[in-house]
Amino acid sequence: MKVFVARQPIFDRKGQSVAYELLYRNGNNSNSFPNIDGDEATADVIINSFINIGLEELAQGKRCFINFTESLLKMNLPSYFNPSSIVVEILEDVPITEELIEICAELKKLGYTIALDDFNLQQNYFLLPKLLKHIDIIKVDFLQTQVQKRKQIMNRYKHYGVSFLAEKVETQEEYQLALRDGYDYFQGYFFSKPVVLSSYDIPVYIHGYLQILHELSKTEPDIEKISEQIEQDLSLSYKLLKLINSPAFRPRNKIKSIKQAIVLLGLNEIKKWIYILSIKNMNLKNDPIQEEVIRLSLMRAKLCEKLSIKIGSKEPSLYMLTGMFSLVDALLHRKLDDVLNELPLSDEIREALSGKENDIRKVFKWAIEIEKSNWHAQDFPLKPEEIQECYMEAILWSNHLLNGEEIAQTSGEGFGAQSF
């Protein structure tokens, strides 16, 4: 049985990316497996996902929120995983019973962190107080729960010592409101909005600069290798395009690939500016939210490239650059149109990023749907297995690129059961 896994980051109040919620899909056109019990299918998907793909590759050392049904909890499925690797997320339709309370008590003894998903006021059962003694996190759905009810939930249950996670936070206003109301963790697409980011520049990764300088120092530098290394660094790609669009170098034709930009700028000029940038940023500490957005940007770049190759595109670099610069407005805290006006990107890329329908835009929209774990859109020309292959390669590629600057997660810090 094929395994399909997606992920969504979770942040704390300091803007640290502290966990992922893992989302899973099956390979059928409907969202269920034929002739197989739903709980068995879900358990099989979860287990195979983490064994075959690996939690380390998916989550980069961060904890993973995993949804568990009533049957899966009774099967003791959470115990299949290391307590330091997962958060046991109890689905909202799991009835609160004495048996559930006993299960949670045992999980707590074993060191697991437990969350209640889509919590609402209707869950005010007489057994709820007993259950909350073993709960670490209450997740509140900002799309489904009105402001007044959210306040009532906070006021009624905060004295139990639980932490609150605002999920499906998708606007600046909701994020600011959740901060003011005292939520501890945040989940949703707000991190891709410019207002959430604290810096106006794209973080750099020095190891990439040093590799390029090493190649440039050779008697006959390999332009293919240099362009490949620059493509792997969103910050450097952006700065290269900004530089080439300056009055001194502004090209007559728009840029369709990083290799084209290198040829137009010249190796000596590239070497000079990379050396300056590497010295300037040698002691730069990257912002954790920006790093997560960069990870997503790189993942999108590779995903768009792989999807375009699958459908027979002759210019995959166009699709790659589209994915790479799709969140540049968030990274620079500026309007997308203003940023695009400063970059010499080809018209096809600019139109795709601006929302105009073309072949690149179509593939880019597929990538966004795949990120959201919606893998059954009617116009997908690929099989679920092919989508999974592209998606996992994109994740592994982006993880590999950023591994050199990852901050090691120390045990018990940032996302342990105590902090929750």
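Residues numbered from 1 in each chain as written. Predicted model: local features only at pLDDT ≥ 70, side-chain atom pairs only at ≥ 80, totals over all residues. Heavy atoms only, no water.

Before going further, it helps to spend a moment on the pattern of salt bridges. Taken as a whole and assessed by the stated rule, the structure comprises 17 salt bridges. Measuring nitrogen to oxygen at the nearest pair gives 3.0 Å for the salt bridge that ties Glu89 to Lys139. Of the two residues, Glu89 sits in strand β4 (residues 86–90) while Lys139 sits in strand β6 (residues 137–141), which places them 50 residues apart along the sequence. No difference in accessibility class separates Glu89 from Lys139, as the two residues are buried. Measuring nitrogen to oxygen at the nearest pair gives 3.3 Å for the salt bridge that ties Glu389 to Lys310. (Salt bridge = Lys/Arg side-chain N within 4 Å of Asp/Glu carboxyl O. Helix = DSSP H or I, 4+ residues; strand = E, 2+ residues; numbered from the N terminus. Buried < 20%, exposed > 50% of the residue type's maximum accessible area, 1.4 Å probe, protein only.)

Looking now at the confidence of the model for the protein. Considering every residue of the protein, the mean pLDDT works out to 76; 73% of them sit at 70 or more. In the model, residues 28–36 has pLDDT below 50 throughout and makes 14 contacts with residues more than four positions away in sequence or in other chains. (pLDDT = per-residue confidence, 0-100. Contact = heavy atoms within 4.5 Å.)

Let us now look at the environment of Ile289. You can see Ile289 is positioned in helix α12 (residues 288–310). Judged by relative accessible area, Ile289 falls into the buried class, the value being 6%. Taking the C-alpha atoms as reference points, Ile289 and Phe11, 278 residues apart in sequence, are found 8.0 Å from one another.

As a further point, take the packing of aromatic side chains. For the structure shown, the criterion picks out six aromatic pairs. Pairing Phe142 with Tyr183 gives two aromatic rings, centres 5.3 Å apart and planes at 75°, and the pair type is edge-to-face. In this pair, Phe142 is assigned in the loop between β6 and α5 (147–157) and Tyr183 in the loop between α6 (172–181) and β8 (185–187), connecting sequence segments 41 residues apart. Each of the two residues, Phe142 as well as Tyr183, counts as buried. An angle of 35° between the planes, with centres 6.3 Å apart, marks the rings of Tyr157 and Tyr160 as tilted. Note on Tyr160: relative accessible area 29%, which makes it partly exposed. Pairwise contacts between aromatic rings join Phe119, Tyr157 and Tyr160 into one cluster. (Phe/Tyr/Trp six-rings, centres within 6.5 Å; stacked < 30°, edge-to-face > 60°.)

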